[in-house]
Amino acid sequence: MHTLHSMDIRVSVAWIPGHRGICYNERADVAAKEALRLDTRIVNGSIALASCKRLVAKHIRKQWQTRWEGSATGRAIYARIPTFRRSIQFPHVRSCAVSYIRLLLDDTALNAHQFRMGLSSTRVCECGTDIEDVDHYLLRCPTYDSIRCDLLQTVQDIVTYCIHSSNQGLTASLLLSPWNCEDASKYDCSEMLAATYQFIHKSTHHL
Ligand SMILES: [Zn+2]
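Residues numbered from 1 in each chain as written. Predicted model: local features only at pLDDT ≥ 70, side-chain atom pairs only at ≥ 80, totals over all residues.

Enquirer: Help me out: how do you make sense of the overall build of the protein chain in this one?
Expert: In terms of regular secondary structure, the protein chain is built from 10 helices and zero strands. Counting from the amino terminus, the protein chain carries its helices and strands in the arrangement α-α-α-α-α-α-α-α-α-α. Expressed as a percentage of the 207 residues in the protein chain, the buried residues total 18%. Long-range contacts, defined here as pairs at least 24 residues apart, represent 49% of the contacts in the protein chain between residues at least 6 apart. (Helix = DSSP H or I, 4+ residues; strand = E, 2+ residues; numbered from the N terminus. Buried ≥ 20, exposed ≤ 12 C-beta atoms within 10 Å, placed from the backbone. Contact = placed C-beta atoms within 7 Å.)

Enquirer: Would you take a moment to explain helix H3 (residues 49–70) for this structure?
Expert: Over its 22 residues, H3 extends 32 Å from the first C-alpha to the last, a length consistent with the 32 Å expected when each residue adds 1.5 Å. Little of H3 sits inside the fold, with zero of its 22 residues counted as buried. (Expected span 1.5 Å × (residues − 1).)

Enquirer: Looking at this structure, how should I read the packing of helix H5 (residues 94–105) against helix H10 (residues 186–203)?
Expert: When two helices pack together, you describe them by how their axes are tilted relative to each other and by the distance separating the axes. Where H5 contacts H10, the two axes come as close as 9 Å, and the packing angle between them is 110 degrees. Classified by the angle their axes make, H5 and H10 are roughly perpendicular. The residues of H10 that touch H5, namely those facing Cys-96, Ser-99 and Tyr-100, are Tyr-197, Ile-200 and His-201. A breakdown of the residues in the contact of H5 with H10 according to their chemical character gives four nonpolar, two polar and no charged. (Axes fitted to C-alpha atoms, helices over the stretch in contact; angles between N-to-C directions. Parallel < 35°, antiparallel > 145°, perpendicular 65-115°, else oblique. Nonpolar A, V, L, I, M, F, W, Y, C, P; charged D, E, K, R; others polar.)

Enquirer: Looking at this structure, I do not really get the nonpolar core. What am I missing?
Expert: Where a protein is soluble and globular, its nonpolar side chains tend to be buried together. Among the nonpolar cores identified, the biggest contains 28 residues, and Tyr-100, Leu-103, Val-155, Leu-175 and Met-192 are the most heavily contacted of them. Where this core is concerned, the elements lending two or more residues are H5, helix H7 (134–140), helix H8 (145–162), helix H9 (172–176) and H10. Of all the elements, H10 adds the most residues to this core, at six residues. In contact with Tyr-100, not counting residues within four places along its chain, are Pro-91, Tyr-197 and Ile-200. (Core = buried A, V, L, I, M, F, W, Y, C linked by C-beta atoms within 7 Å.)

Enquirer: When you look at H10 in this model, what are you seeing that I'm missing?
Expert: One turn of the α-helix equals 3.6 residues, which is why residues spaced by three or four share an orientation. Between its first and last C-alpha atoms H10 spans 26 Å; for 18 residues at 1.5 Å apiece the expected length is 26 Å, and the two agree. What H10 keeps buried is the set Cys-189, Met-192, Leu-193, Thr-196, Tyr-197, Phe-199 and Ile-200. Projected down its long axis, H10 shows its buried positions confined to an angular sector of 155 degrees, all on one face. At the C-terminal side of H10, Thr-204 shows a positive phi close to 55 degrees. (Arc of directions from axis to C-beta.)

Enquirer: What should I look at first to understand the environment of Trp-179 in this one?
Expert: Tracing the chain through its elements places Trp-179 in the loop between H9 and H10. In this structure Trp-179 comes out as buried when scored by C-beta crowding, with 21 C-beta atoms within 10 Å. The sequence separation of Trp-179 and Cys-189 amounts to 10 residues, and the corresponding C-alpha distance is 5.8 Å. Not counting the four nearest positions on each side in its chain, Trp-179 is found in contact with Arg-85, Arg-86, Ala-184 and Cys-189.

Enquirer: Please clarify how the environment of Ala-76 should be interpreted in this entry.
Expert: In this fold, Ala-76 is placed in helix H4 (residues 75–80). On a C-alpha basis, the gap between Ala-76 and Leu-103 in space is 9.6 Å, while along the polypeptide they are 27 residues apart. When neighbours within four sequence positions are excluded, Ala-76 is seen to be in contact with Leu-105 and Asp-106.

Enquirer: Can you help me understand unusual backbone geometry in this one?
Expert: As a rule of thumb, non-glycine residues mostly have phi less than zero, and peptide bonds are mostly trans rather than cis. At Asp-8, a residue that is not glycine, the phi angle is positive and equals roughly 65 degrees. If you trace the backbone, Asp-8 turns up in the loop between helix H1 (2–6) and helix H2 (23–38). For Asp-8, a count of 6 C-beta atoms within 10 Å corresponds to the exposed category. At Asp-106, a position not held by glycine, the phi torsion is positive, near 60 degrees. Relative to the helices and strands, Asp-106 resides in the loop between H5 and helix H6 (111–116).

What follows is the structure, encoded as structure tokens:
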């Protein structure tokens, strides 16, 4: 301002409303956002460190997802978790964490899996009602009916009141990988997973 004044240039300062609603400004905003989305290269310019980290993370996630979809291994987990949206918070009790991972791998001490490995003469559960697989253990086995009430009630409440979906069925995939539910918040996922961990722990079935 002093420099301009010394050059005998009159400067008037006035408040003007924001640029919102000004046609060409709006178009410039849209173009800038689109350029950033399409091209992560910043030429002859600078970028904030936080933005840089975000772009790198986004790029790595995209590459990782492509490899995950095309990989020939880990298909049991892929069936449960086709897209990794959040990092997994494992339970503190080690045996519970191991059981959880084995359920994800579809390779446990349940009779269906032991029979597949030639380690059991039957796939049927000791309760005698059905094949003892992941779905049976988590959702139907009458042996765990009493502890299953808490699990199903917690998850059903979150699905109904937080995610606002009554169409979301309670499946083994939802219990083991709740972040597949796109509407679930980080808190919802943590709560649902904690309920699943509680069920595994209380069942005392070392999988
Ligand atoms: Zn059973």
